[in-house]
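These are the residues of each chain, in order.
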Amino acid sequence: MSFLFCKSTWNAVVSPANRRAFMLCLAQMSSKVNFDEMVKGKPVVVFMKGTPDAPRCGFSNAVCQILKFHGVDGFESYDVLSNEDIRQGVKEYTKWPTIPQVFFNGEFIGGCDIMLDMHKNGELIEELKKIGIRSALLDSSDGADTKS
């Protein structure tokens, strides 16, 4: 994409604030996808194949099932199959070659194998707690402890 502007016309027509906004917009367009914006400030984000309701890959399905098992239903997700820039860009952003990719509060956690290991060893409960999410497993174990 290229723009042709005469410098004097540009300076006369466009205010300094609008110039900065325009240049920021151009920079974002050239990078195509702003992954920081996609993951930061959100408790759980999953880049996956398909959607949580209709995963198109067994590994993506497994991550969704693990999250649902812990009571995490309303997470942000991005279908990498619908956008090649996201599919390749997230791999470059994390320097991780596979999909799905899971983020907690903007921090890259890992993929399916890591989520499965964290689930098995109990670490996922602690990581969810750090981001303000109480695992549903705690509720079910609390209920089991009180039933006698």
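Check the entry above for the structure.
About the cut-offs
- Residues numbered from 1 in each chain as written.
- Predicted model: local features only at pLDDT ≥ 70, side-chain atom pairs only at ≥ 80, totals over all residues.
- Heavy atoms only, no water.
- Buried < 20%, exposed > 50% of the residue type's maximum accessible area, 1.4 Å probe, protein only.
- Helix = DSSP H or I, 4+ residues; strand = E, 2+ residues; numbered from the N terminus.
- Arc of directions from axis to C-beta.
- Contact = heavy atoms within 4.5 Å.
- Core = buried A, V, L, I, M, F, W, Y, C linked by side-chain atoms within 4.5 Å.
- Phe/Tyr/Trp six-rings, centres within 6.5 Å; stacked < 30°, edge-to-face > 60°.

(A) Focus on helix α5 (residues 84-94). All of the buried residues in α5 are Ile86, Gly89, Val90 and Thr94. Angular distribution of buried residues about the axis of α5 spans 115°; they occupy a single face of the element. Buried-residue contacts for α5 involve α3 (35-39), β1 (44-48), β5 (101-104) and β6 (107-110). Phi turns positive one or two residues past the end of α5, at Lys95, with a value near 60°.

(B) Representation of the nonpolar core. In this structure, Val44, Val46, Leu67, Phe104 and Met115 are the most contacted members of the largest nonpolar core, which totals 19 residues. Within the residue set of this core, elements represented by two or more residues are β1, α4 (58-69), β5, α6 (112-121) and α7 (123-130). Top contributing element to this core by residue count: α4, with 4 residues. When near neighbours in sequence (up to four residues on either side) are disregarded, Phe104 contacts Lys42, Pro43, Val44, Ile109, Met115, Leu124, Glu127, Leu128 and Ile131. Ranked by size, the runner-up nonpolar core spans 12 residues in total, among them Phe35, Met38, Val39 and Ile86.

(C) Molecular detail of the packing of aromatic side chains. Counted by the stated rule, this structure contains 7 aromatic pairs. Pairing Trp96 with Phe108 gives two aromatic rings, centres 5.6 Å apart and planes at 65°, and the pair type is edge-to-face. Of this pair, Trp96 sits in the loop between α5 and β5 while Phe108 sits in strand β6, and the two are 12 residues apart along the sequence. For Trp96, a relative accessible area of 29% gives the class partly exposed. The exposure class assigned to Phe108 is partly exposed, which follows from its relative accessible area of 24%.

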